[in-house]
Structure formats: C-alpha cells, structure tokens
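Structure at a glance
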Amino acid sequence: MNKTADRIAAVAFLAVGALFMVESLRISKSAYGSAVGPNVFPFLLGLVLVLLSIKLLLETRRYSEATSEKPPRQYKKFLVIFIAAIFYAALLETVGYVITTFLFLVIGFQTMEKGALWKSIAIAAGFSLGVYGLYVKLLQGTLPSWPIWFQ
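Now for a description of the structure that goes with this document. For every chain, the first residue of the written sequence is number 1, and numbering continues from 1 along that sequence. Only residues with pLDDT of 70 or above have their local features reported here, since the model is predicted, and side-chain atom pairs are shown and tallied only from 80 upward, although totals for entire chains, interfaces and linings are computed over all residues. Calculated side-chain values reflect all of the structure's heavy atoms, with hydrogen atoms and water omitted.

1. Things to note about the pattern of salt bridges
Salt bridges, as used here, are contacts in which a Lys or Arg side-chain nitrogen is within 4 Å of a carboxyl oxygen on Asp or Glu. In total, this model carries two salt bridges according to the counting rule given. For arginine 26, the salt bridge goes to glutamate 23, with nearest N and O atoms at 2.8 Å. We call a residue buried when its accessible area falls under 20% of the maximum for its residue type, exposed when it is over 50%, and partly exposed in between, using a 1.4 Å probe and counting protein chains only. Judged by relative accessible area, which is 66%, arginine 26 ranks as exposed. Under the relative-accessibility criterion, glutamate 23 is labelled partly exposed at 34%. Between lysine 55 and glutamate 59 there is a salt bridge, with its nearest N and O atoms 2.3 Å apart. Of this pair, lysine 55 and glutamate 59 both sit in helix α2 (residues 40-60), four residues apart, which is roughly one turn of that helix. For lysine 55, a relative accessible area of 45% gives the class partly exposed. For glutamate 59, a relative accessible area of 26% puts it in the partly exposed group. Each helix is a run of DSSP H or I of at least 4 residues and each strand a run of E of at least 2, with the numbering of both proceeding from the N terminus.

2. Quick notes on helix α1 (residues 3-24)
An α-helical segment advances 3.6 residues per turn. Residues three or four places apart therefore align on the same side. Its 22 residues place the ends of α1 31 Å apart at the C-alpha level, agreeing with the 32 Å of an ideal helix rising 1.5 Å per residue. Every buried residue of α1 is accounted for by Asp6, Ala10, Gly17, Met21 and Ser24. The buried residues of α1 occupy one face: seen down the axis, they fall within an arc of 70°. Along α1, the residues that are exposed and aim more than 90 degrees away from the buried face are Thr4, Ile8, Leu19 and Val22. Against the buried residues of α1 lie α2. Between the first and last residue of a helix there are one fewer steps than residues, each counted as 1.5 Å, and that sum is the expected span. As used here, the arc belongs to the directions running from the helix axis to the C-beta atoms. Two residues form a contact once any of their heavy atoms are found within 4.5 Å.

3. Brief notes about α2
Relative to the 30 Å expected for 21 residues at 1.5 Å per residue, α2 spans 30 Å between its end C-alpha atoms, a close match to the ideal helical length. When we look at burial in α2, the residues that qualify are Gly46, Val50, Ser53 and Thr60. End-on, the buried residues of α2 take up no more than an arc of 95°, which puts them together on one face. In α2, the exposed residues that point more than 90 degrees away from the buried face are Leu51 and Leu52. Buried residues along α2 sit against α1.

What follows is the structure, given as structure tokens:
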C-alpha cells in the first residue's frame, strides 16, 4: 500500500465519479419500453465511485509509513483479465448478459485466486442472475437477454 499513490488514485476516481454523475444528468430521463431511463445506471455508477473514493481517502489517513519493498507486478493476471474483458464486450450481445457475465466473473475470480472453484461459480451465478433479475425484472430495464439458441 502506497499512501501517495492511493491518495492520487482516490482523488482521480472521485473526479471521474463526479463527472459521471454530472454528465448522466444530461442524458434523457426515459427510454421506450423501460421504466428505468438510460441516465440511472451511469449516475449510480458515479455515485458508487465517489463513495468508494471517499472511503479510500479516509483509509489513507490510517496508513503507516510506506515500506521500501514493492510487490511483484502481475502482468500475466492482468493480461488474462484484459483478454477476458475484451471477449466479454464482444460476446455480450450475442451470448447474452447472464452467460457472459457469469463466465467473465469465474475467469476473473480464478485468475486472482486459484482454487475454491465452486465458491467462484456460486458467487458468479448469484451475481449475474441477481443483477439481471433486479435490473430487468424488478426495475424493468433492458439488458441483452439469453441467446436465441438457449431460449
């Protein structure tokens, strides 16, 4: 944990989150066939980013002085998650939200910490199905649904 780097990142993400919130107010408030307008999701993401940035800023006050040892860089993990994110974005419309999000999360969890595969599968399935159910069924928003060959 580097106190200076974390503070700089917190301020930068705070600015990005605030920008998301301000700019989302310029998007139209309603969409055809959806009770949730296209401005809601970016606004909520910006709000979460602002709140997490404030939390990080407050946590940096409790850091002890930075140590001289640096953690090793993990290029392989970054590359795996980056490629998975590219495939996620490319296949989202074709395969659907639930399946692509589930696969992306399982790959991400297993890349960051190997083992506990069933735990990763359970969390990924719960998250992807939960978000889909909450956003599409409860809030009546729109997400790419299941693929045609699966319905």
